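# Residue-level structural notes
So you can see what is in the structure, the chains are spelled out below.
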Amino acid sequence: MQGVKRLVAVAFENETNPDLTKLVDDIVWLKVGQLSKMIDAFTKRGVTKCVMLGQIAPKNLFDVRPDMRSLGLLMKLKERNAHSIFGAIADELKKDGIELIEPVPWLRPLMPEGGFVLGPALSEAQREDAAFGFRIAKEISRLEIGQTVVVKEGTVLAVEGFEGTDACLRRGGELAGGKGAVAVKVAKEKHDLRFDIPCVGARTVEACQAAKISALAFEGGKTLLLERPEAETLAKKYKITLAAWL
């Protein structure tokens, strides 16, 4: 495990896959918002470094019953988005001697570089839309709006907001009339990889199929490709392109 001798996990009820229990030495279950319990779980087990993996649904970051430490943290924030909240949590962990670090050293093999493609090759029209969508997605991510856009023939059909990627894909696909739309997913400018690494995978291909999206371009070198064999099988089956873009 690349020098890691013991794995302790803090997992969130109704968010974390229970199968994680089989992959770690110790696991503590808690509810979103129980910051003191999370820090206690680490300090009592001598943990001094930790990484964040997986995700918490955005809506659940704003639908919590915070403990006193979480409440104090939230009250200090002028802006409440995922990055500001997770950044404040990292600061709280540091007060107790726990450093939140990037998981990238362990995940780099799962992050394809530019030029990587699953499924059919991009057509010239799709490449033009991918380049256009990439510029738009980078701009909306800079503004802390979202990280995904759906475009067609140089027109922006949908921009990801609070609803998340899948809902953005559905809306864009509908406005495209069920054919020909290209989705683009990027990392944020000055992306803090401790908190969030964009992910695509088999589920993404299924979402594109349901929305009738013909191709999805993701930022090369900054996006995790999960379940690659399954994603590749689905991309070929549905004739949907999944491409790393720079």
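Residues numbered from 1 in each chain as written. Predicted model: local features only at pLDDT ≥ 70, side-chain atom pairs only at ≥ 80, totals over all residues. Heavy atoms only, no water.

## Here we look at the side chain of Q126
- Inspection of the secondary structure assignment puts Q126 in helix α5 (residues 124-142).
- For Q126, a relative accessible area of 14% gives the class buried.
- Q126 has contacts with A121, V182, S214 and A215, leaving out every residue within four places of it along the chain. (Helix = DSSP H or I, 4+ residues; strand = E, 2+ residues; numbered from the N terminus. Buried < 20%, exposed > 50% of the residue type's maximum accessible area, 1.4 Å probe, protein only. Contact = heavy atoms within 4.5 Å.)

## Focus on the packing of helix α6 (residues 165-175) against helix α7 (residues 202-211)
- Packing of α6 against α7 leaves a shortest axis separation of 8 Å and a crossing angle of 25°. On the basis of the axis angle, α6 is roughly parallel to α7. Here α6 and α7 pass one another in a crossing that is right-handed. Along the contact surface, α6 presents D166, L169, R170 and G173, while α7 presents R203, A207, C208 and A211.
- When grouped by side-chain class, the residues that make up the contact of α6 with α7 number 4 nonpolar, 1 polar and 3 charged. (Axes fitted to C-alpha atoms, helices over the stretch in contact; angles between N-to-C directions. Parallel < 35°, antiparallel > 145°, perpendicular 65-115°, else oblique. Left-handed = near helix turned anticlockwise from the far one by under 90°. Nonpolar A, V, L, I, M, F, W, Y, C, P; charged D, E, K, R; others polar.)

## A closer look at helix α8 (residues 228-238)
- Regarding α8, the residues found buried are A231, L234 and A235. Buried residues of α8, seen end-on, are gathered within an arc of 105° and therefore sit on one face of the element. Opposite the buried face of α8, at more than 90 degrees from it, the exposed residues are P229, T233, K236 and K237.
- Buried residues belonging to α8 abut β5 (117-118), α7 and β11 (224-225).
- The first or second residue beyond α8 is K239, which carries a positive phi of 55°. (Arc of directions from axis to C-beta.)

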